[in-house]
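Notes for the structure review
Take a look at the letters that make up each chain.
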Amino acid sequence: QVQLVESGGGLVQPGGSLRLSCAASGIIFNFYVMGWYRQAPGNQRELVATISSGGGTKIGDSVKDRFTISRDNAKNTVYLQMNSLKPEDTAVYYCNAKFGDFRDYWGQGTQVTVSS
């Protein structure tokens, strides 16, 4: 049974910071590219960031220089450090694990709300 469990979401003021975590189980973690996606109400799900097993990253243009993705392979966990948060960052954030075109798993999502 594969599980991706996100945590760390919540309410934060504009300009604040938040760190999301995603703990994976039921997969060989090192085989997977891990990612964070987000979806606001009425919008399409968009890619925020991905990270390969070796640490190579891709960051979405809208969050470059503000968000950082990292992973701890020993803990089967991927993180998203979010700084300088804006109201536009408000969304449900989803953890993703992808093994090429063969396997694709999603977490349940965690709500991030940026508001005064």
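Everything that follows concerns the structure shown earlier in this document.
This section reports on the structure supplied with the text.

This paragraph deals with the nonpolar core. Buried together is how nonpolar side chains tend to be arranged in soluble globular proteins. Ranked by internal contacts, the top residues of the largest apolar core, which has 27 residues, are M34, W36, L80, M82 and Y93. Where this core is concerned, the elements lending two or more residues are β3 (18-25), β4 (33-39), β5 (46-51), β7 (67-72), β8 (77-82), β9 (91-99) and β11 (110-114). With residues up to four places along the chain from it excluded, the contact list for M82 reads G16, S17, L18, L20, R66, F67, Y93 and V112.

To continue, consider the state of the cysteines. A covalent bond bridging the sulfur atoms of two cysteines is what the word disulfide describes. Inspection of every chain in the model, using the stated rule, returns one disulfide. Note that C22 is cross-linked by a disulfide to C95, the S-S spacing being 2.0 Å. On the S-S bond that ties C22 to C95, the torsion sits near -80°, and the link is left-handed. Pair noted here: C22 is in strand β3 and C95 is in strand β9, with a separation of 73 residues, a long-range link. Across the pair, C95 and C22 agree in class, each one buried.

Another point: the pattern of salt bridges. Overall, the coordinates contain four salt bridges when judged by the stated rule. Note that R38 and D89 form a salt bridge whose closest N and O atoms lie 2.9 Å from each other. Of the two residues, R38 sits in strand β4 while D89 sits in the loop between β8 and β9, which places them 51 residues apart along the sequence. Taken individually, R38 and D89 each receive the classification buried, so the pair is uniform in this respect. Its salt-bridge partner being R66, residue D89 comes within 2.8 Å of it at the nearest N-O pair. Of this pair, D89 sits in the loop between β8 and β9 while R66 is found in the loop between β6 (57-59) and β7, placing the two residues 23 residues apart along the sequence. Each member of the pair, D89 as well as R66, is classed as buried. Through salt bridges with shared partners, a single network forms among R38, E46, R66 and D89.

Parameters at a glance
Just so you know, the residues in each chain are numbered from 1, in the order the chain's sequence is written. Thresholds applied to this predicted model are a pLDDT of at least 70 for local features of residues and 80 or more for the giving and counting of side-chain atom pairs; totals over whole chains, interfaces and linings are not thresholded and use all residues. Side-chain calculation: all heavy atoms of the structure are included, whereas hydrogens and water are not. Among buried residues, those of type Ala, Val, Leu, Ile, Met, Phe, Trp, Tyr and Cys that are joined through side-chain atoms within 4.5 Å constitute a nonpolar core. Only protein chains enter the accessibility calculation, which uses a 1.4 Å probe; a residue whose area is less than 20% of its type maximum is buried, one above 50% is exposed, and one in between is partly exposed. Helix and strand definitions follow DSSP, with helices as H or I runs of at least four residues and strands as E runs of at least two, each counted in order from the N terminus. Contacts are assigned to residue pairs with any non-hydrogen atoms lying within 4.5 Å of each other. Any cysteine sulfur atom paired with another within 2.5 Å is treated as part of a disulfide. We define a salt bridge as a contact between a side-chain nitrogen of Lys or Arg and a carboxyl oxygen of Asp or Glu at a distance within 4 Å.

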